[in-house]
Amino acid sequence: MAEHENYTSYLAEEYVIQEEPFYLPVGDEIELFEVAYSQNLPVLLKGPTGTGKTRFVEYMSYRLGRPLTKLTPNKDGSAQEEQKSIPLMTIACHEDLTASDLVGRYLLEGDETRWVDGPLARAVKAGAICYLDEIVEARKDTTVLIHPLTDHRRILPIDKRGEVLEAHDGFQLVVSYNPGYQSALKDLKHSTRQRFMALELTHPPADLEARIVQHESGVSEEMSVALAKLGEKARNLKDHGLQEGVGTRLLIYAGKLIARGIAPRRACQVAVTWALTDDQQVQRSVDEVVNSIFE
């Protein structure tokens, strides 16, 4: 038990978020996530690129850790409040992600082999939030292994060692994907998606997006309002050749360039127009929107 406690303590220190991430809620996603966490419900985050899915998970990891305190007795008999933090482990999924990448593998060291836990196994042991980003990019035979963690069992079988890990208190599985890229090959199996509570994160309204852009990029309030207006108008082009709407992240990039002296039109061209598409006709349409705002 002592070894497990030390292991958990080490992980908490390595993966805990020390400073509060900036996040402005669009709806009731914070309250819903808190209830899901308290009830051990896995969460599926759906939303376009750049709508803050990763930032939201980081924020919730920090927020959920704040009220979880315990009293540690001092030698003089007094009690000291100790913060209990919730670590966050983020895994960027891709088509070559294997079960061993998540669970662990044996490594050869000299004439001996040593078992090394993967990030999912470490999260299960440490009671961390494990975030699988863009889960549809992973192979379906890999994602099946998370099934026992998403129901009442809350276990992770490790076949190579003949072990079954029980999820530590505080463990939660969170996955995300972009519905805009759905296809027969890039969609979640029903047997997987119906194991999660789903939250949809969309583009924030213009006034909220302006506040986000201003905070993250350092531009003036007037400029942040203009950039938010650009995002709102450019998203209307999604049904006219643009495959993906402008994410808040790209508006922040443009804002950072503008804050450092780059002309607004040029900043929007390199951070928004060229990042969105290679289609020259669609580029011209986006540039027209940019030029109408930044005259």
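Residues numbered from 1 in each chain as written. Predicted model: local features only at pLDDT ≥ 70, side-chain atom pairs only at ≥ 80, totals over all residues. Heavy atoms only, no water.

J.: Could you give an account of the nonpolar core, naming the residues involved and the relevant values?
T.: Among the nonpolar cores identified, the biggest contains 31 residues, and L120, L132, L156, F171 and L173 are the most heavily contacted of them. Counting only elements with at least two residues in this core, the list comes to strand 4 (88-92), helix 4 (99-103), helix 5 (119-126), strand 7 (129-133), strand 8 (155-158) and strand 10 (172-177). Ranked by residue count, the leading element in this core is helix 5, at four residues. (Core = buried A, V, L, I, M, F, W, Y, C linked by side-chain atoms within 4.5 Å. Buried < 20%, exposed > 50% of the residue type's maximum accessible area, 1.4 Å probe, protein only. Helix = DSSP H or I, 4+ residues; strand = E, 2+ residues; numbered from the N terminus.)

J.: Give me a nonpolar patch on the surface: which residues, what numbers.
T.: A surface patch of nonpolar side chains, amounting to about 310 Å² of accessible area, comprises L257, I262, V270 and W274. Positionally, I262 belongs in the loop between helix 10 (248-259) and helix 11 (264-276). The class for I262 is partly exposed, based on a relative accessible area of 35%. (Patch = residues over 30% accessible without salt bridge, like charges linked within 9 Å, V, L, I, M, F, W, Y side chains within 5 Å. Areas by Shrake-Rupley, 256 points an atom, 1.4 Å probe, with all protein chains shown as cover. Salt bridge = Lys/Arg side-chain N within 4 Å of Asp/Glu carboxyl O.)

J.: Describe the confidence of the model for the protein, with residues and values.
T.: The predicted model of the protein averages 86 in pLDDT, with 86% of residues at 70 or higher. The low-confidence segment residues 1-12, where pLDDT is below 50, has 13 contacts with residues more than four positions distant or belonging to other chains. (pLDDT = per-residue confidence, 0-100. Contact = heavy atoms within 4.5 Å.)

J.: Lay out the environment of T273 in plain terms, naming residues and giving numbers.
T.: Checked against the element boundaries, T273 lands in helix 11. On the basis of relative accessibility, which here comes to 0%, the residue T273 falls in the buried class. In this structure, the C-alpha to C-alpha distance between T273 and Q283, residues ten residues apart in sequence, is 5.8 Å. Discounting residues that sit within four places of it in the chain, T273 has contacts with C268, Q283, V286, D287 and V290.

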